[in-house]
Structure formats: C-alpha cells, structure tokens
Amino acid sequence: NKGDPFVLYDKISKRWIITDFAWSNTMSGPYYECIAVSKSGNPVSGGWWLYTLKAHNTWLNDYPKLGVWQNGIYMSANMFDCLNAGCTSASYKGVRVWALNRSDLISGAALRSVAFNLGTAYYSLLPANLKGSMPPSGTKEYFVSDGGTSTSMYLWKFTTNWATPSSSTFSGPQSFAIAAYTSPSWNGVPQKSSSETLDTLGDRLMTWLQYRNIGGTQSLWVSRTVKVSSSSYGIRWMEVRNMSVTPSVYQQGTYAPNAAYRWMPSLAVDKFGNMAVGYSVSTSKMYPAIRYAGRLVGDALGTLGQTETTLFAGTGSQK
C-alpha cells in the first residue's frame, strides 16, 4: 500500500478492479502490484478477491496503468532499480507489460499472468481500454506510448495464449506520424497565492487510451499536455485508426482557447463517437481548477466544438 492507486471497471465480467504497488524494502524489494477484484458487480458489500502479483525481485514497478481487453486485463509499469532510501535516486530499467487472466481474477483462483520486458528506449506505455462493442475476434491488445520525438508515437500488439503462455508475443513498435508539438516544462504550471509550480507529467501520454469499435470502424483515442506559448499549455488529443495494419492519425487537435495552463487531460468516447475531455487548469491569478470540453461526432475534424465548462473551481493552492 505504497501508492499509484488505479481503479478499473471491467465491462466484460462486470467487476471492479483496484490496484496499487507495495514492497517489503524500499531499496531492495521485492516489489509487488496489489490487486483487489470485486466478487460481484457490487463493490461496496459484495466482497473482494485479493491478489499479490510480484512485479520484480529488485525493480520497482512505478506508474502502473491498466486496461480491459476481450481476453484479459493488461498492465504496464516503468521499472526502476532504487539506489537509496525512499528511491529518490534510481536507475531506469525499461517498461514491463503484463497480461492477467480474467477468469482467475474473478474467481479467486491462483492468478496466471504473462509478462514481457522492453528496453530502456521506451517509457510509459498505455494499454488500450475496451469500451462498448467488442473488437473482431482475435484482435491483439494494443499498447501506445510517446514515440521519442515530437512528431511520432509508437504502437505495440500483445498476443496472449493462455493455453500455451510461452507462445504469447509482444510485437512492435510501429512508429506513426503525428502533428509536431512542444513538450511543457515538467514543473511549469503557476498557481495563485503560491510560489510552488505544479508538475505537468508532460513527458508522457495520459490515461485513458480508449478503444472504440463503432459500426466496424476501430479507433484508439488518447491525449497529452503540450506547450502552446510561454504562458499557455494546451490539451493535445487524437484519434488513431488502422491499428491492425499501419496505424495513422485520423484526427487530432490542440485545445488552448486562451492564455492559461491546461494540463493532465483524460478523455472518454461514447458509443456514437462523441468525445469529452477533462483536465486541470491554472494561472498565476487563479487557483487550480478542473474543466472539461468536448466534441460531437458531427463536429469538424480536429475540433472541440462544445464549450469549455468548469467542473470544479479551485479554492486554494499547493504551497
């Protein structure tokens, strides 16, 4: 119970999943992902199955992210070898990805998993999260990450064989082009009544990587924070198609309607193709707040035609 909690609803099994990481010793491990799965669709009084997945003997599984797919639950984490107490200094060891067996998770059986390690050239992969209609039978689970340049992204495909786990594969990456962007400063967001600036997590894509199959058209939707000017950060969002062959961006846009700092977006898409995105917003003259914007499926490509609205107006700043 050390941090980075994650909550996921599995529409296939109609179960809730809650995770966080833990360890026995900060510096030397072992390191774990603690997983709780509701025994029914009632997460309040229905009971929970509890699992302890060993992520690694000596590497910390930082920033874990999960996604639902038709043949299991998938997870990724950035792996670090801690070098001192508190892990304030660490050596990056690359990304690790897992497939977790759904039938085990929802029944309390011993948990089967399949894992792959990637090199240190990659960082913060997001597993696709299935919403709505199923993908075609046999479709591989998708993972996406920053492409290492300001004009590209990467896509991987995870094939899990539960009958013969050793036959499972993790293929990629496929690089595909995106519109150029400038990364924001990691601690570049000002706030009212405080000299403390806020972290943007601007070096990575933001959860969710959402999968939709609408009328046979498959797509992945994702967002991130980008720098627009010296006094403005914006929300970059995009829809990716043709994942099974050569992935390409179908539409994308940067939302920055005025000179404010908008960052850490999270988007969702409904069964019709309408999209909403929530995000944080702040300036030196306002407290950090939460707002949202969106688009209808008929809006012009690359635009958020629905007006920005305040979901929560902040009342204070981090000191």
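Refer to the preceding data block for the structure.
Computed from a predicted structure; not experimentally measured.

Caption draft 1: Structural view of the overall build of the chain. Of regular secondary structure, the chain possesses one helix and 22 strands. Radius of gyration (C-alpha) of the chain: 20 Å, near the 20 Å computed for a compact globule of 319 residues. Dimensions of the chain, computed from the C-alpha atoms along their principal axes, are close to 55 × 50 × 45 Å. Here the chain, with 319 residues, has 47% of them falling under the buried criterion. Surface summary for the chain: the accessible area is close to 13,800 Å², and the carbon and sulfur share equals 53%.

Caption draft 2: Spatial organisation of the sheet that holds strand E7 (residues 90-100). Ordered by their spatial adjacency, four strands build an open sheet running E5-E6-E7-E8, and the pairing between neighbours is antiparallel. The two strands at the open ends of the sheet, each matched to only one other strand, are strand E5 (60-69) and strand E8 (113-117). Sheet twist, expressed as the mean angle between neighbouring strand axes with direction ignored, is 20 degrees. Both E5 and strand E6 (residues 72-82) contribute to a ladder of eight bridges, which runs antiparallel. When the sheet's bridge partners are listed, Lys65 is paired in E6 with Ser76.

Caption draft 3: Seen up close, the pattern of salt bridges. This structure, assessed with the given rule, holds seven salt bridges. Two residues, Arg204 and Asp203, come together in a salt bridge whose shortest N-O distance is 2.8 Å. Overall, Asp203 belongs to the partly exposed group, its relative accessible area being 39%. Among the ionic pairs, Arg291 bridges to Glu308, the shortest N-O distance being 3.0 Å. Highlighted residues: Arg291 in strand E21 (residues 286-295) and Glu308 in strand E22 (residues 306-312), separated in sequence by 17 residues. Side by side, Arg291 and Glu308 carry an identical accessibility label, which is buried.

Caption draft 4: Representation of the packing of aromatic side chains. The final tally for this structure, using the stated rule, is 22 aromatic pairs. Between Tyr233 and Tyr261 the ring centres are 4.9 Å apart and the planes differ by 80 degrees, which places this aromatic pair in the edge-to-face class. Separated by 28 residues along the polypeptide, Tyr233 in strand E17 (residues 232-241) and Tyr261 in strand E19 (residues 261-269) bring together distant segments of the chain. As far as burial versus exposure is concerned, Tyr233 and Tyr261 are alike and both buried. When the centroid spacing of 6.4 Å and the interplanar angle of 55 degrees are considered together, the rings of Tyr255 and Tyr279 count as tilted. Of this pair, Tyr255 sits in strand E18 (residues 248-255) while Tyr279 sits in strand E20 (residues 275-283); the two residues are 24 residues apart in sequence, bridging distant segments of the chain.

Caption draft 5: Structural view of the side chain of Arg262. In this structure, Arg262 sits in strand E19. A relative accessible area of 0% places Arg262 in the buried class. Among the polar contacts listed, one links the side chain of Arg262 to the side chain of Glu308, at a separation of 2.7 Å. Not counting residues up to four positions away in its chain, the partners in contact with Arg262 are Thr225, Tyr233, Gly234, Ile235, Tyr255, Ala256, Pro257, Tyr279, Ser280, Val281, Arg291 and Glu308.

Caption draft 6: Structural detail: the pairing of E17. In terms of burial, E17 is largely enclosed, as nine of its 10 residues are buried. Across nine bridges, the pairing between strand E16 (residues 217-229) and E17 is antiparallel. Of the residues in E17, the one forming a bridge with Leu220 is Val240. What sits between the antiparallel neighbours E16 and E17 is a turn of two residues. In textbook terms, the turn of a hairpin is the stretch between consecutive antiparallel strands, and for E17 and E18 this stretch comprises six residues, one of which, Asn242, has a positive phi near 60 degrees.

Caption draft 7: Region of the structure containing the sheet that holds strand E1 (residues 3-10). Spatially, E1-E2-E3-E4 is the arrangement adopted by the four strands of the open sheet, whose pairing is antiparallel. Only two strands of the sheet have a single partner each, and these edge strands are E1 and strand E4 (48-56). In this sheet, neighbouring strand axes are inclined to one another by 20 degrees on average, regardless of whether the strands run parallel or antiparallel. Two elements, E1 and strand E2 (residues 15-23), share six bridges in a ladder whose sense is antiparallel. Note on E2: the bridge partner recorded for Gly3 is Phe21.

Caption draft 8: Quick look at a nonpolar patch on the surface. A grouping of Val7, Tyr9, Trp16 and Ile18 is seen on the molecular surface, where their side chains present a nonpolar patch of about 330 Å² in accessible area. Residue assignment for the nonpolar patch shows that the elements contributing at least two residues are E1 and E2. Residue position: Val7 is located in strand E1.

Caption draft 9: Representation of the side chain of Glu308 within the structure. We classify Glu308 as buried; its relative accessible area is 19%. At 2.5 Å, the side chain of Glu308 and the side chain of Tyr279 are in polar contact.

Reading the values: rules and limits
Residues numbered from 1 in each chain as written. Predicted model: local features only at pLDDT ≥ 70, side-chain atom pairs only at ≥ 80, totals over all residues. Heavy atoms only, no water. Helix = DSSP H or I, 4+ residues; strand = E, 2+ residues; numbered from the N terminus. Rg over C-alpha atoms; globule rule 2.2 N^0.38 Å. Buried < 20%, exposed > 50% of the residue type's maximum accessible area, 1.4 Å probe, protein only. Areas by Shrake-Rupley, 256 points an atom, 1.4 Å probe, with all protein chains shown as cover. Pairing = 2+ DSSP bridges. Axes fitted to C-alpha atoms, helices over the stretch in contact; angles between N-to-C directions. Salt bridge = Lys/Arg side-chain N within 4 Å of Asp/Glu carboxyl O. Phe/Tyr/Trp six-rings, centres within 6.5 Å; stacked < 30°, edge-to-face > 60°. Polar contact = N/O pair within 3.5 Å; in protein donor to acceptor, adjacent residues only side chain to side chain. Contact = heavy atoms within 4.5 Å. Patch = residues over 30% accessible without salt bridge, like charges linked within 9 Å, V, L, I, M, F, W, Y side chains within 5 Å.

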